[in-house]
Amino acid sequence: MPELPEVQTIINGLNQKILRKEIQEIIEFRPGTIIWQIPFTSLGKVVSISRRGKYILLQTSNKINLIIHLRMTGKLVFETDLSKSSTHSRAEIIFRDKTKLIFNDIRTFGKIQIMKKDEEIAAFQNLGVEPLSEEFDAKYLRNELKNKKAPIKNILLDQRVLAGLGNIYVAEILFRCKIDPRKQGNELDLKQLKLIVLHTKTVLEEAIKHNGTTISDYRSVEDKSGEFQNFLKVYGKKTCECGAEISKIKQAGRSTYFCAVCQN
DNA sequence: ATTGCTTCCTGAGCGC
DNA sequence: TGCGCTCAGGAAGCAA
């Protein structure tokens, strides 16, 4: 569920709440949630919290990385009452100061990997560029798309090309570019590639400013909803602002919303 | 190499 | 009220 802006909002919250706290214990309620890639060891203090694509990276003073992926329904909720829990709590990170971070996940696709610091690169090596970085420009996109016949929608969802976009933001970005999501990657012209780069950055920045998009499950670390759902133009909509009906089709097994009048 | 199909799992919403 | 069906924001693994 969470895409880049939601993950970024969570990171911002975590930086307020758990930076410099010492990890006392990690409890796994549902087997398979925590993946220990090293023998069990003391983790130390949380020294940095950052994001790569949709992954959350916690680094500790003992040179250990915790890499968290929330997938569809994962949430991280900061809690000061150690006795509080919920039906979908899959794991908890308990801090020495008697606070905790609950990993809540209805559909159980989310994971927490624990590994040595040096293995961080391996975990991220298949990810494409960060959409908000300078590396992501029309030249990069042109190179990525030149041999691809897949629909542009599918390509933008591919984390190996661009790390962080999901179904909602791809729909919104293509709408703002007025590009048909079914268009083949290699058929787009330079002007269109520039539009994709521009709108990817502006949509993501706007969404981060509004603390992400809450359609159903997503919540911040403080269990608050985002607000960007109020600014969506096509995703989940029936009617376009031009008055035409929004089309809903399946691409790569996922629903795609677009306006056949505005996007072509 | 690229593309698309299936799968993991739970819950909400719909029609009957 | 309840049953069965479809759908859901992700991505790895596999086959063609």
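Fair warning: this is a prediction, and the values are worked out from it, not measured in the lab.

> Got a minute to help me understand the protein's contact with DNA strand B in this structure?
In the region of DNA strand B, the neighbouring residues are Arg30, His88, Ile106, Arg107, Thr108, Phe109, Lys148, Lys149, Ala150, Asn154 and Arg160. Backbone sugar and phosphate groups make up 57% of those atoms of DNA strand B lying within 4 Å of the protein. Note that a phosphate oxygen of DNA strand B is positioned 2.5 Å from one of the backbone N or O atoms of Lys149. Between Ala150 and DNA strand B, the recorded distance is 2.8 Å, taken from a backbone N or O atom to a phosphate oxygen. Taken together, the residues that form the surface near DNA strand B break down as three nonpolar, three polar and five charged.

> How do you make sense of the domain arrangement of chain A when you look at a structure like this?
Under the domain assignment used here, chain A contains domain 1 (4-124) and domain 2 (138-258). Once you take the C-alpha centre of each, domain 1 and domain 2 turn out to be 28 Å apart. Contacts between the two partners involve 19 residues from domain 1, matched on the other side by 19 residues from domain 2. If you sort the residues of domain 1 by the area they bury against domain 2, Pro5, Glu6 and Thr9 come out on top, with a joint share of 32%. Summed over the shared surface of domain 1 and domain 2, the number is one salt bridge. One salt bridge connects Glu222 with Lys17, and the closest N-O pair in it is separated by 3.6 Å. Counting every contact that joins domain 1 to domain 2 gives five residue pairs in polar contact (both at pLDDT 80 or more). For the side of domain 1 that touches domain 2, the secondary structure elements donating two or more residues are helix H1 (4-17) and strand E6 (74-79). A total of nine residues in the side of domain 1 that touches domain 2 trace back to one element, the largest contributor, which is H1.

> In this structure, what is going on with the side chain of Gln8? I would like to understand it.
With respect to the element layout, Gln8 can be found in helix H1. Apart from residues no more than four positions distant in its own chain, Gln8 is found in contact with Arg51 and Ile208.

> Whenever I open this one, the packing of H1 against helix H6 (residues 190-209) confuses me. Can you help?
Packed helices, taken two at a time, are described by the angle between their axes plus the distance between the axes. Put simply, H1 and H6 touch, their axes get as near as 9 Å, and they point 40° apart. One way to sum up the angle between H1 and H6 is to call them oblique. For the element pair H1 and H6, the recorded crossing hand is right-handed. For the pair H1 and H6, the contacting residues are Leu4, Pro5, Gln8 and Thr9 in the first and Leu204, Ala207 and Ile208 in the second. Classifying every residue of the contact of H1 with H6 by side-chain character gives five nonpolar, two polar and no charged.

> Help me understand unusual backbone geometry, please; the structure alone is not making it clear to me.
Trans is the prevailing form of peptide bonds, just as negative phi is the prevailing case for residues other than glycine. Its identity is not glycine, yet Lys178 carries a phi of approximately 60°, on the positive side. Examined against the element boundaries, Lys178 turns out to sit in the loop between helix H5 (167-177) and H6. Unlike most non-glycine residues, Asn211 shows phi in positive territory, near 60°. One can find Asn211 in the loop between H6 and strand E10 (247-251).

> How should the state of the cysteines be read in this particular structure?
Disulfide: a covalent bond connecting the sulfur atoms of a pair of cysteines. Applying the stated rule across the entire model yields zero disulfides. Note on Cys259: no disulfide assigned, nearest cysteine sulfur contributed by Cys240 at a separation of 3.6 Å. Counting only cysteine sulfurs, Cys259 is the nearest neighbor of Cys262, a cysteine outside any disulfide, at a range of 3.7 Å.

> I keep staring at the packing of aromatic side chains and nothing clicks. Help me out?
Here the distance between the centres and the angle between the planes together describe a pair of aromatic rings. Enumeration according to the criterion identifies six aromatic pairs in this entry. Ring pairing ties together the aromatic residues Tyr169, Phe228 and Phe231, which thus form one cluster. The positively charged end of Lys178 is found above the aromatic ring belonging to Phe175, 5.8 Å away from the centroid.

> I tried to follow the sheet that holds strand E8 (residues 100-105) on my own but got confused; where do I start?
Pairing within the open sheet is mixed, and its nine strands lie in the order E2-E9-E5-E4-E3-E1-E7-E8-E6. A strand with exactly one partner marks an edge of an open sheet, and here the two such strands are strand E2 (34-36) and E6. Neighbour-to-neighbour, the strand axes of this sheet turn through a mean angle of 25°, independent of strand direction. The pairing of strand E4 (residues 55-60) with strand E5 (residues 64-69) spans five bridges and is classified as antiparallel. The residue of E5 that forms the bridge with Tyr55 is His69. H1 contacts strand E3 (44-52), E4, E6 and E8 of the sheet and is inclined by roughly 160° relative to E3.

Rules used throughout
Residues numbered from 1 in each chain as written. Chains lettered and ligands numbered in written order. Predicted model: local features only at pLDDT ≥ 70, side-chain atom pairs only at ≥ 80, totals over all residues. Heavy atoms only, no water. Near = heavy atom within 4 Å. Polar contact = N/O pair within 3.5 Å; in protein donor to acceptor, adjacent residues only side chain to side chain. Nonpolar A, V, L, I, M, F, W, Y, C, P; charged D, E, K, R; others polar. Domains from an automatic or database assignment. Contact = heavy atoms within 4.5 Å. Buried area = accessible area lost by both parts, 1.4 Å probe. Salt bridge = Lys/Arg side-chain N within 4 Å of Asp/Glu carboxyl O. Helix = DSSP H or I, 4+ residues; strand = E, 2+ residues; numbered from the N terminus. Axes fitted to C-alpha atoms, helices over the stretch in contact; angles between N-to-C directions. Parallel < 35°, antiparallel > 145°, perpendicular 65-115°, else oblique. Left-handed = near helix turned anticlockwise from the far one by under 90°. Disulfide = S-S within 2.5 Å. Phe/Tyr/Trp six-rings, centres within 6.5 Å; stacked < 30°, edge-to-face > 60°. Lys NZ or Arg CZ within 6 Å of the ring centre and 35° of its normal. Pairing = 2+ DSSP bridges.

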